[in-house]
Amino acid sequence: MSDGLDELEELLSSENRKTYSAKVIDHAMNPRNLGLIENADGYAGITGPCGDTMKIWLKVDNDQIAKAGFMTDGCGTSIASGSMVTELATGKDISEALLISQQNILDALNGLPEENKHCALLASNTLKAAIKVYMDVKKEPWKKAYRK
Ligand code: FES
């Protein structure tokens, strides 16, 4: 936990203000939709090649994402990416939300440094996986009993 705080403090340093956009710093410091959603209709957790994990929960109403929540043990830019992907997904039809790409997240954050771009990919992949779980369970509701 203190690692996370140290990282956030580092994000705020004046040097980093040149590296990260104001949007990235805002979403890293004030993440939207942080936290799990009980009785979610879709859930996925993915560990990226960097070893960080992103988890996304979805509440879906009539194939529209009513609520999205995320958690990550990753860096400040993965927090910003999780925050942004859940904001982008909320209110969208699942077919539209499935199209939210790494680039869409990067654009919405006004960019990330090259070495952090994979955080946006992890967020996009986790959202897609959570939507696919929702679609699977919708087709075969008995599967819900086997998923957390
Ligand atoms: Fe791994 Fe950001 S460094 S998700």
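Note: the structure precedes this text.
This is a predicted model, so every value here is computed, not measured.

> What am I meant to see in a negative patch on the surface here?
Together, Asp6, Glu7, Glu9 and Glu10 line one region of the surface with negative charge. Looking at where Glu9 falls in the secondary structure, it is placed in helix α1 (residues 2–12).

> Just checking my understanding: could you explain the sheet that holds strand β1 (residues 42–47) for this structure?
Pairing in this open sheet of three strands is antiparallel, and the strands run β1-β2-β3 from one edge to the other. Strand pairing shows two members of the sheet lacking a second neighbour, β1 and β3 (64–72), which therefore form its edges. Looking at each pair of strands side by side, their axes are set apart by 15° on average, direction ignored. Pairing analysis gives six bridges linking β1 to strand β2 (residues 53–61), with the strands arranged antiparallel. Paired with Thr47 across the strands is Thr53, a residue of β2.

What counts and how
Just so you know, the residues in each chain are numbered from 1, in the order the chain's sequence is written. For a predicted model such as this one, the threshold for reporting local features is a pLDDT of at least 70, and the threshold for listing and counting side-chain atom pairs is 80 or more; totals across whole chains, interfaces and linings nevertheless cover every residue. To get the side-chain values, all heavy atoms of the structure are used, and hydrogens and water are removed first. Residues enter patches when their relative accessible area tops 30% and they take part in no salt bridge; the joining distance is 9 Å for like charges and 5 Å for the nonpolar side chains Val, Leu, Ile, Met, Phe, Trp and Tyr. Method for areas: the Shrake-Rupley scheme with a 1.4 Å probe, in which residue coverage is limited to the protein chains shown. Salt bridge, as used here, is a side-chain nitrogen of Lys or Arg placed within 4 Å of a carboxyl oxygen of Asp or Glu. For the purpose of counting charges, residues Lys and Arg are taken to be positive, whereas Asp and Glu are taken to be negative. His and the chain ends are not included. Note on charges: their place is set at NZ of Lys, CZ of Arg, CG of Asp or CD of Glu. Helix numbers and strand numbers start at the N terminus; a helix is a DSSP run of H or I with at least 4 residues, a strand a run of E with at least 2. Any two strands are treated as partners once DSSP identifies two or more bridges connecting them. Only the stretch in contact is used when fitting a helix axis, every axis being a line fitted to C-alpha atoms; angles between N-to-C directions are given from 0 to 180 degrees.

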